[in-house]
Amino acid sequence: MYKKLFIPGPTHVRDEILAAQTAPMIGHRAKDYSDLQAAVTPKLQKLLYTQQPVFIYACSGTGLMEGSLRQAVLKRALITVCGAFSKRWLEVAQGNGVPADSVEVEMGQGFTPEMIDAALSKGDYDVLTLTFNETSTGVMNPLQEIAALVREKYPDVLLLVDAVSAMAGAKIEFDAWGVDVVFASSQKCFALPPGLTIAAVSERAFARARQVPHRGYYFDFIDMLKYYERNQTPATPAISLIYALNKQMDDILAEGLDNRWARHIEMAEIVRAWARQHWALFPDPRFLSNTVTTVTNTRGISVGDLNKALAERGAMISNGYGTLKEKTFRIAHMGDLTVADIRWLLAQIDDILGLA
Ligand SMILES: *Cc1c(COP(=O)(O)O)cnc(C)c1O
């Protein structure tokens, strides 16, 4: 049976978006493709409030962790770790032989600018990685405030941001905030099938990449920029997915960006209020995510059984991540889900568990 996905990726994809992928194939060195990339790129720049290039890669988001770290570090990276996805940055650094230290907080906690300041001041760093929205714990870090601190006190530190579960669901003012690389996969707040990663790159990041001798090949920002100027990519792009992205960007801009951010906040507030009434919220209240809520399983129910009962009604939520399995569960409220979808889901859970 079809299940509507309330999991933090892949998220529910509307039928019109699925259909947009079936347009006829075109040559990626032909004008048809350049026209497509030229059409979609300014829409992505609007989404990120940027004049900088926005690249479209054929890969999942993890690719840009590797790609951005490899071409940003000349000295040493500081990796902020507040859960499983932010820890991946450290694994990527180790896997690539990139010098890095980590600063870690307990699960459910996030980072304040003061904590970042204290950690950066202890070493000679030229890169900071931040996971805007830590999907494993439902923590949203204060990106704008952290970016302001970095730009003011650490001008040579590049800020690399994983916004995989936030971009297109929460506001990111790439230029005004002073972020250096931000990226997201297509299967989360963009509400597209998986397979694309969208990435914006600052002038500072391009300048750094030019200085890095072995910056890798597939993700090379300088090479991407050369092709970008003629609306192409060095390797073959995922054309079908870009058709879907182009349609989705029209729909996102038609909704209106401010409306889209407000809808995500409204959905989050509904889930939080319900969680406070019947359970408890897992994260520190200072860091609640606008795109996914992690609920502490204070009633000791079987999350697995709840999901089986939800499946019969056509919905799916997420169990807790890793060691948080069965101790927490996660409800994603991102992408094209609506307030009505969220109310419907919570009513189903209430009914299954006899909460209402
Ligand atoms: C899902 C997720 C990832 C992994 O993205 P992939 O597209 O699977 O590579 C990384 N970071 C965060 C915050 C995520 O939510």
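Coordinates for the structure precede this section.
Residues numbered from 1 in each chain as written. Predicted model: local features only at pLDDT ≥ 70, side-chain atom pairs only at ≥ 80, totals over all residues. Heavy atoms only, no water.

## Remarks on unusual backbone geometry
Here is step 1 of the chain: Note the cis peptide between Gly-9 and Pro-10, where omega equals -15°.
Here is step 2 of the chain: The phi dihedral of Ala-168 falls on the positive side, at around 80°, and the residue is not glycine.
Here is step 3 of the chain: Looking at the secondary structure, you find Ala-168 in the loop between β8 (158–162) and α7 (174–177).
Here is step 4 of the chain: Owing to a relative accessible area of 1%, Ala-168 belongs among the buried residues under this scheme.
Here is step 5 of the chain: The residue Ala-191 is not glycine, and still its phi comes out positive at about 55°.
Here is step 6 of the chain: Within the fold, Ala-191 resides in the loop between β9 (181–185) and β10 (196–201).
Here is step 7 of the chain: Its relative accessible area of 0% is what places Ala-191 among the buried residues. (Helix = DSSP H or I, 4+ residues; strand = E, 2+ residues; numbered from the N terminus. Buried < 20%, exposed > 50% of the residue type's maximum accessible area, 1.4 Å probe, protein only.)

## Quick word on the nonpolar core
Here is step 1 of the chain: In this structure, Met-167, Val-182, Phe-190 and Leu-245 are the most contacted members of the largest nonpolar core, which totals 62 residues.
Here is step 2 of the chain: The leading source of residues in this core is helix α10 (residues 239–255), at eight residues.
Here is step 3 of the chain: Residue assignment places this core across two domains, with domain 1 (4–10 + 256–353) and domain 2 (15–254) each supplying three or more.
Here is step 4 of the chain: Setting aside residues up to four positions removed in sequence, Val-182 forms contacts with Leu-48, Val-161, Ala-163, Met-167, Ile-172, Phe-174, Ile-198, Ala-199 and Ala-200.
Here is step 5 of the chain: Residues Leu-64, Ala-72, Ala-77 and Val-92 belong to the second largest nonpolar core, which totals 33 residues. (Core = buried A, V, L, I, M, F, W, Y, C linked by side-chain atoms within 4.5 Å. Domains from an automatic or database assignment. Contact = heavy atoms within 4.5 Å.)

## Concerning the side chain of Thr-328
Here is step 1 of the chain: Within the secondary structure, Thr-328 is located in strand β15 (residues 328–332).
Here is step 2 of the chain: Residue classification places Thr-328 among the buried residues on the basis of a relative accessible area of 2%.
Here is step 3 of the chain: If near-sequence neighbours (up to four positions away) are discounted, Thr-328 is found in contact with Phe-282, Thr-294, Val-295, Thr-296, Asn-297, Val-303, Asn-319 and Gly-320.

## A closer look at the environment of Gln-277
Here is step 1 of the chain: Secondary-structure assignment places Gln-277 in helix α11 (residues 257–278).
Here is step 2 of the chain: Taking relative accessible area as the criterion, Gln-277 reaches 62% and is therefore assigned exposed.
Here is step 3 of the chain: Between the C-alpha atom of Gln-277 and that of Phe-55, which follows or precedes it by 222 residues, the distance is 43 Å.

## Notes on helix α9 (residues 221–228)
Here is step 1 of the chain: In terms of burial, α9 is a largely internal element, seven of the eight residues being buried.
Here is step 2 of the chain: Turning to α9, its buried residues number three or more, namely Phe-221, Ile-222, Asp-223, Met-224, Leu-225, Tyr-227 and Tyr-228.
Here is step 3 of the chain: On the buried face of α9, the contacting elements are α2 (31–47), β2 (54–58), α3 (62–70), β9, β10 and α8 (203–211).
Here is step 4 of the chain: If you check the start of α9, you find a side-chain oxygen 2.9 Å away from the backbone N of Ile-222, and it comes from Asp-220. (Polar contact = N/O pair within 3.5 Å; in protein donor to acceptor, adjacent residues only side chain to side chain.)

## Remarks on the site of the ligand
Here is step 1 of the chain: Taken together, 15 residues lie near the ligand, and Ser-60, Thr-62, Thr-135, Asp-162 and Lys-188 sit nearest.
Here is step 2 of the chain: With respect to the ligand, the side chain of Ser-60 contributes an N or O atom lying 2.5 Å from an oxygen atom.
Here is step 3 of the chain: Across the complex, the protein chains shield 91% of the 390 Å² of accessible surface that the ligand would expose by itself.
Here is step 4 of the chain: Secondary structure elements with two or more residues in the shell around the ligand: α3 and α4 (84–95).
Here is step 5 of the chain: Residues that form the shell around the ligand fall into these classes: three nonpolar, nine polar and three charged. (Near = heavy atom within 4 Å. Areas by Shrake-Rupley, 256 points an atom, 1.4 Å probe, with all protein chains shown as cover. Nonpolar A, V, L, I, M, F, W, Y, C, P; charged D, E, K, R; others polar.)

## Describing the environment of Asp-258
Here is step 1 of the chain: Tracing the backbone shows Asp-258 in helix α11.
Here is step 2 of the chain: Each C-alpha atom, one on Asp-258 and one on Phe-221, is 30 Å from the other, the two residues being 37 residues apart in sequence.
Here is step 3 of the chain: Leave out the neighbours within four places in its chain, and Asp-258 touches Tyr-49 and Lys-171.

## Thoughts on the packing of α2 against α10
Here is step 1 of the chain: For the pair α2 and α10, the least separation of the axes is 10 Å and the interaxial angle reads 40°. By the criterion of interaxial angle, the relationship of α2 to α10 is oblique. The two elements α2 and α10 cross, and the hand of that crossing is left-handed. Packed against α2, whose contacting residues are Tyr-33, Leu-36, Ala-39, Val-40, Lys-43, Leu-44, Lys-46 and Leu-47, the element α10 presents Ile-239, Ile-242, Tyr-243, Leu-245, Asn-246, Met-249, Asp-250, Ile-252 and Leu-253 at the interface.
Here is step 2 of the chain: Here the residues of the contact of α2 with α10 are counted per class, giving 13 nonpolar, one polar and three charged. (Axes fitted to C-alpha atoms, helices over the stretch in contact; angles between N-to-C directions. Parallel < 35°, antiparallel > 145°, perpendicular 65-115°, else oblique. Left-handed = near helix turned anticlockwise from the far one by under 90°.)

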